[in-house]
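Examining the three-dimensional arrangement
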Amino acid sequence: MPRSEWRPWVLLGVFSLLLFLISAATFSSLGVVLPAMVAEQEWSWAQAGLGFTLLGACCGGSAWFPPMVIRRFGVRAALLLGTGVMALGFVCLYLTQNVWIYFLGTALCGVAYQLMALIPGTHVLAAVFQKRAMAFGLYFTLGGLGSVAGPWMALGVMEATGGAWRPFWALQAVAALAIGVLCSLLIPSSAWLKTSSEKIDAAVKADAEAAAAAPTPAPLAVYRTTQDWTLKQAMATPQFYILVSAYFVHLLSGVTVSSLSVAHLSERGVAAGIAAGMLSLEGLMSTVARLGGGFIGDRVDPKWLLMFAVGVLGVGSLALSVADSYLLMIIYAVGTGIGFGLTALAVTILLLNYYGRKNNLEIFSTVCLVGALAALGPLIGGSLRDLLGSFAPTFQMFGIVAAVVFVASLFMRPPQLKSEAEAPAAPSAGLVNDPV
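A short tour of the structure in this document, coming up. Quick caveat: nothing in here was measured; it's all calculated off a predicted structure. By convention here, each chain's residues receive numbers from 1 onward along its written sequence. Restriction of local features to residues with pLDDT of at least 70 applies here, the model being predicted, together with a cutoff of 80 or more for giving and counting side-chain atom pairs; totals for whole chains, interfaces and linings are based on all residues. Calculated side-chain values reflect all of the structure's heavy atoms, with hydrogen atoms and water omitted.

1. Some details on the environment of Gly297
By the element assignment, Gly297 lies in the loop between helix H12 (272-296) and helix H13 (302-321). Categorising residues by exposure relies on relative accessible area from a 1.4 Å probe, with only protein chains included: less than 20% of the type maximum marks a residue as buried, more than 50% marks it as exposed, and the intermediate range marks it as partly exposed. On the accessibility criterion, Gly297 (0% relative accessible area) is buried. The spacing of Gly297 and Ala133 is 164 residues in sequence and 5.0 Å in space, taken between C-alpha atoms. It only takes one pair of heavy atoms within 4.5 Å for two residues to be counted as in contact. When neighbours within four sequence positions are excluded, Gly297 is seen to be in contact with Ala133, Val222, Pro302 and Leu305. Only DSSP runs of H or I reaching four residues or more are called helices, and only runs of E reaching two or more are called strands; each is numbered from the N terminus.

If you want it as structure tokens, here you go:
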């Protein structure tokens, strides 16, 4: 197989492995380890929730940083920097003696999350795959398996060490260093990335011109712009804010379920092992949804995937709020799992289809900034638990937010530039200033 054909698949494997690691070691496992940390350190749940909030807030709030590193120093530099920061964050969690070290550790892990995989991954894969839905579907699916493995990894290590939680964070620090360095060595040169992106853009443009020149043009199943919107132009459209809202609610629900669902179900009489199993089932359903969405996302308008995703996300959140039976717990795990996985995929594809690839690095990073606000979910949940004695009102409130986003996405249509004068003067086919 020619080098140009297998290289994209190697990159897909590299970024999927990184996403698997950081998903397993951060959001999906922290919620399982957290009750033991709370009990030993004698924290309140508001304090525990604030740490999870910092993880999400720094993940979203630092979204502006990876594009700067990538544009100036390249993808490899971003990966190596993220690897060092992630390992340092795990070391802080391992050394936790008070709540402030815990806060520092979660904050560092949040910053590293964007640097290691999410933003570099979407940036590079969009440049080397023409069938983006398929590529992103596999990327989010393989990486999302970390959310399935994370809870069981945490339980397994804690059981093997007599309930101790510190060895788990030590193992994650070692794994982050080993896998991060290995993957950074597999990133190709900027020249190869630029050549690949030029071929992809040329193929997309040729397909659009062929469709337009047909005697009786067939309606396109999936809208895909042939123009490259700037960030400013994208932010002037209501569709951008609908997609931002969808990304917000999926993060709001996802980070809160990961951090508080085990404690919430335990308080409702569910065994801790079953509660952790439901969190793992949620991760599995997220993975399955991403895989299915990736295979049909180039054939079906991703808008319909988005509507379905936020709809079941709301249903799952409401079911979790009152879950005390296997039926309700399965509805919660399936609903929030499918909703979390499919919403991220649908938003990622729609941003590319609506606004083009050239400035997607900045556009997608701006959308990721809402993670800083969505990260308030665990803090809100922990505070309401301390005030009202239950986590249920938090999940009910988030279910209503998902319903509002569902209605907004129902009326969404592809954005159009108002005039040719507003369009970028000369669409670029390559990656701009993208050293590796």
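2. What to know about helix H18 (residues 392-410)
Residues lying three or four places apart along an α-helix face the same way, a consequence of the helix completing one turn every 3.6 residues. Expected span of a helix, by definition, is 1.5 Å for each gap between consecutive residues, and there is one gap fewer than residues. Taking 1.5 Å of rise per residue, 19 residues should cover 27 Å, and H18 covers 28 Å from first to last C-alpha, within 8% of that figure. Turning to H18, its buried residues are Ala392, Thr394, Phe395, Phe398, Gly399, Ala402, Val405 and Ser409. Along the long axis of H18, the arc covered by the buried residues comes to 150°, so they all point the same way. Opposite the buried face of H18, by more than 90 degrees, sit the exposed residues Ile400 and Val404. Where the residues of H18 are buried, they touch helix H11 (238-267), H13 and helix H17 (376-388). Throughout, the arc means that of the directions going from the helix axis to the C-beta atoms.

3. Considering the nonpolar core
By convention a nonpolar core is built from buried Ala, Val, Leu, Ile, Met, Phe, Trp, Tyr and Cys residues, the set being connected through side-chain atoms within 4.5 Å. Ranked by size, the top nonpolar core spans 127 residues in total, and within it Tyr139 and Tyr332 carry the most contacts. For this core, the element with the highest residue contribution is helix H6 (residues 99-128), accounting for 17 residues. Excluding residues that lie within four positions of it along the chain, Tyr139 makes contacts with Leu12, Phe15, Ser16, Leu19, Ala117, Leu118, Gly121, Thr122, Leu125 and Gly144.

4. Details of unusual backbone geometry
With a phi angle near 60°, Glu42 is a residue other than glycine that sits in the positive phi range. Looking at the secondary structure, you find Glu42 in the loop between helix H2 (27-41) and helix H3 (45-61). Owing to a relative accessible area of 68%, Glu42 belongs among the exposed residues under this scheme.

5. Regarding the environment of Cys109
In this structure, Cys109 sits in helix H6. Measuring from C-alpha to C-alpha, the distance between Cys109 and Gly56 comes to 9.2 Å, with 53 residues separating the pair along the chain. If near-sequence neighbours (up to four positions away) are discounted, Cys109 is found in contact with Thr26, Leu55, Met86, Gly89, Phe90 and Leu93.

6. Let's talk about the packing of helix H4 (residues 65-73) against H6
Axis lines are fitted to C-alpha atoms, over the contacting stretch for helices. Their N-to-C directions set the angle, which ranges from 0 to 180 degrees. Across the interface, H4 lies against H6 with an axial gap of 10 Å and an inter-helix angle of 70°. Comparing the axis directions of H4 and H6 gives the class roughly perpendicular. Here H4 runs over H6; the crossing is right-handed. Counted together, Phe65, Pro66, Pro67, Val69, Ile70 and Arg71 of H4 and Gln114, Leu115, Ile119, Pro120 and His123 of H6 form the full contact between these two elements. Under the scheme applied, nonpolar residues are Ala, Val, Leu, Ile, Met, Phe, Trp, Tyr, Cys and Pro; charged residues are Asp, Glu, Lys and Arg; polar residues are all the others, including Gly. Looking at the contact of H4 with H6 residue by residue, the classes come out as eight nonpolar, two polar and one charged. Any angle that is under 35 degrees is reported as roughly parallel, and any over 145 degrees as roughly antiparallel; angles of 65 to 115 degrees are reported as roughly perpendicular and all others as oblique. Should the near helix be turned anticlockwise from the far one by less than a right angle, the crossing is termed left-handed; should it be turned clockwise, right-handed.

7. With respect to a nonpolar patch on the surface
The patch calculation keeps residues exceeding 30% relative accessible area without a salt bridge and links them within 9 Å when they carry like charges or within 5 Å when they are nonpolar (Val, Leu, Ile, Met, Phe, Trp, Tyr). Reported accessibility uses the Shrake-Rupley method at a 1.4 Å probe radius. Residues are deemed covered only where the shown protein chains occlude them. A pair is scored as a salt bridge if a Lys or Arg side-chain nitrogen falls within 4 Å of a carboxyl oxygen belonging to Asp or Glu. Where nonpolar side chains cluster on the molecular surface, the patch consists of Leu291, Phe295, Ile296, Val300, Trp304, Phe406, Val407, Leu410 and Phe411 and spans about 810 Å² of accessible area. Among the secondary structure elements, those contributing two or more residues to the nonpolar patch are H12 and H18. Along the polypeptide, Leu291 turns up in helix H12. Residue classification places Leu291 among the partly exposed positions, given a relative accessible area of 33%.

8. Considerations on the packing of aromatic side chains
By convention here, two paired aromatic rings are described through the distance between centres and the angle between planes. Paired rings are identified among Phe, Tyr and Trp, the last through its six-membered ring, by centres lying within 6.5 Å, and are further divided according to the angle between planes into stacked (under 30 degrees), edge-to-face (over 60) and tilted (the rest). As enumerated under the stated definition, the model contains 14 aromatic pairs in all. Taken together, a centroid distance of 5.6 Å and an interplanar angle of 85° make the contact between Trp100 and Phe103 edge-to-face. Here Trp100 and its partner Phe103 are both found in helix H6, three residues apart, which amounts to about one turn of the helix. Given a relative accessible area of 10%, Phe103 falls into the buried group. Pairing Trp229 with Tyr355 gives two aromatic rings, centres 5.2 Å apart and planes at 80°, and the pair type is edge-to-face. Placement of the pair is Trp229 in the loop between helix H9 (190-213) and helix H10 (231-235) and Tyr355 in helix H14 (residues 326-355), with a sequence separation of 126 residues.

9. Let's talk about the side chain of Ser409
Looking at where Ser409 falls in the secondary structure, it is placed in helix H18. Residue classification places Ser409 among the buried positions, given a relative accessible area of 0%.

10. Looking at the pattern of salt bridges
Applying the stated criterion across every chain yields a total of four salt bridges. A salt bridge links Glu362 to Arg71; the nearest nitrogen and oxygen atoms lie 3.1 Å apart. One end of the pair, Glu362, is in helix H15 (residues 360-368); the other, Arg71, is in helix H4, with 291 residues separating them in the sequence. Measuring nitrogen to oxygen at the nearest pair gives 2.7 Å for the salt bridge that ties Glu267 to Arg385. With Glu267 in helix H11 and Arg385 in helix H17, this residue pair connects regions lying 118 residues apart in the sequence. Among the residues examined, Arg385 registers a relative accessible area of 21% and is labelled partly exposed.

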